[in-house]
Amino acid sequence: MAYFTGFTCVGCGAPYQPSQDLLLCPVCHSLLEANYDLSALRDHLDRDAIAARPKGVWRWRELLPILDVGAIVTLGEGDTPMLRCDRLAHAVGVRELWVKSDASNPTGSLKDRSITVSATKAVEFAYRVLSCDSTGNKASSVAAYAARAGLDSVVFCPDDTPIPKVTQSLFFGAKLIRVRGHYSQINAMYRKLIHSGRVNWYDCGTDNPFRYEGKKTYAYEIAEHFGWQPPDRVVHPANGGMSIAKTWKGFREMQALGWIDRIPKMTLVQAANCDPIVRASLAGAVTVAPIEKGPTIASALAGADPGLLGARALEAVRESGGTAIGVEDSEIIEAMTLLAKEGLFIEPSGAVAIAGLRRLVASGRADADESVVCVVTGSGFKDFDAIASRVTIPDDVVDGYEQLLSAAVAIG
Ligand SMILES: *Cc1c(COP(=O)(O)O)cnc(C)c1O
Ligand SMILES: [Zn+2]
């Protein structure tokens, strides 16, 4: 059943076996890209038969880098709602807008799509402990999937990580190490720890090439939803850029399988105060240089140094004819408010795709006639304080039916 054929290093081209436990290329320390026997899959995998399988990421298991289906660790992630939002489309200025809400994943963010794969690999490789560095969402996810697998977890987060995210991790039983500094600083220390060999934990952080593959399932779900006629554009928030790079890979695989004949314009959005990938894209660069990060309400997108992944995100944007754009905090707040008017409760980092699309249309860089999918990536409960400060809970408490009636009549 395994069509996963191993990895190729994007730096030196070295090939690796599918059974190897790898993070970066052991030779040149570049990223590894998973390969599949797509010509065999072309003959054996029927895209429409997949629709009949139980919902979720693992419907696409032939296109995921695992060897043992018995090892799968799942909480029912993926197959998140795809919602047509006409009022939002009007506010943003496009003909057809769909919101894919990854806030509906088991722990409330997109991270479950990828952590289900790394937790499965941890089981395949017989690790006892899962670990990651995180701005909060990945930590919640690692803690949940470790619990689901009966394993332990250790997570490293900035000291100012939103309370709901660390609470969730702790309640799932994770050991939390709070670290002073912003995410990219912690990321550098965490990687040094993992590559030091001083701990024998399964790294679900940024270098895990198995984990990346889970993000491709966005592409499959989107293409299937549109009857294999993908929309003009897919817009996604970017921190390291893994999601956008891997969603693009998913579309390319489907093209190679003969399932689709065009690829959407991959469009990534960052907070203007922390936009290293956007800057590199505007400069026409092929790699991303670290930046000095400013404050932003989008705490999950606080990566000032995307490292090797940044180049992959740039490639996805460039090759698909897409765009990279930054948005101000005020625009992010407006986007959250517009989403709320559609009944969607989304954290600031999760709402930036809407803000980015709005800015692209207003500046003429996206066409009003496009069909667009915006992915919203995290629940409002994940960064609750950022939203709680935007509402006022009334001081008055009515007492008895008479007061209740007059309060009701006053509303009209
Ligand atoms: C992690 C995360 C992203 C995307 O991050 P990438 O590293 O670019 O894949 C987007 N939104 C939220 C809420 C996240 O937690
Ligand atoms: Zn290499």
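Remember, it's a predicted structure, so these values are computed and weren't measured experimentally.

Asks: For the layout of surface pockets, give the residues involved together with the corresponding values.
Replies: Size it by volume and the largest pocket reaches roughly 260 Å³. Along the wall of the largest pocket there are 13 residues; nearest its centre are P158, D160, K293, S299 and A302. Partitioning the lining of the largest pocket into residue classes produces five nonpolar, six polar and two charged.

Asks: How would you sum up the coordination of the zinc ion (ligand 2)? Please name residues and give values.
Replies: Under perfect tetrahedral coordination by four donors, a metal shows angles of 109.5 degrees; under perfect octahedral coordination by six donors, it shows angles of 90 or 180 degrees. Around the zinc ion (ligand 2), the protein supplies C9 (SG), C12 (SG), C25 (SG) and C28 (SG) as donor atoms, at distances of 2.3 Å. Taken together, the four donor atoms coordinating the zinc ion (ligand 2) span angles of 95 to 117° at the metal, a pattern that classifies the geometry as tetrahedral. Read from N- to C-terminus, the donor residues coordinating the zinc ion (ligand 2) fall into the pattern C-x2-C-x12-C-x2-C. Remark: C28 occurs in the loop between β2 (15–16) and β3 (32–36) and C12 occurs in the loop between β1 (4–9) and β2; sequence separation between them is 16 residues.

Asks: Account for the nonpolar core, naming residues and giving values.
Replies: Counting residues in each nonpolar core, the largest one holds 75 residues, and the members touching the most others are F251, M254, W259 and L268. It is helix α4 (residues 137–149) that contributes the most residues to this core, six residues altogether. Once residues within four sequence positions are removed from consideration, M254 is found in contact with A219, Y220, A223, W228, W259 and I260. Residues C85, I297, L357 and A366 belong to the second largest nonpolar core, which totals 38 residues.

Asks: Please give an account of unusual backbone geometry that cites residues and values.
Replies: Backbone geometry at H29 places phi at a positive 65°, although glycine is not the residue there. Structurally, the position occupied by H29 is in the loop between β2 and β3. At A126, a residue that is not glycine, the phi angle is positive and equals roughly 65°. Note that A126 resides in the loop between α3 (111–124) and β6 (129–133). Residue classification places A126 among the exposed positions, given a relative accessible area of 61%.

The rules behind each value
- Residues numbered from 1 in each chain as written.
- Chains lettered and ligands numbered in written order.
- Predicted model: local features only at pLDDT ≥ 70, side-chain atom pairs only at ≥ 80, totals over all residues.
- Heavy atoms only, no water.
- 1 Å grid on protein atoms, 1.4 Å probe; cavity = no way out; pocket = protein on both sides within 12 Å on 5 of 7 lines; lining within 4 Å.
- Points joined across faces, edges and corners; volume = space filled by probe spheres on them.
- Nonpolar A, V, L, I, M, F, W, Y, C, P; charged D, E, K, R; others polar.
- Donors = N, O, S within 2.8 Å, 3.2 Å for Na, K, Ca; no water.
- Tetrahedral: all angles 85-135°; square planar, octahedral: opposite > 155°, others 65-115°.
- Helix = DSSP H or I, 4+ residues; strand = E, 2+ residues; numbered from the N terminus.
- Core = buried A, V, L, I, M, F, W, Y, C linked by side-chain atoms within 4.5 Å.
- Buried < 20%, exposed > 50% of the residue type's maximum accessible area, 1.4 Å probe, protein only.
- Contact = heavy atoms within 4.5 Å.

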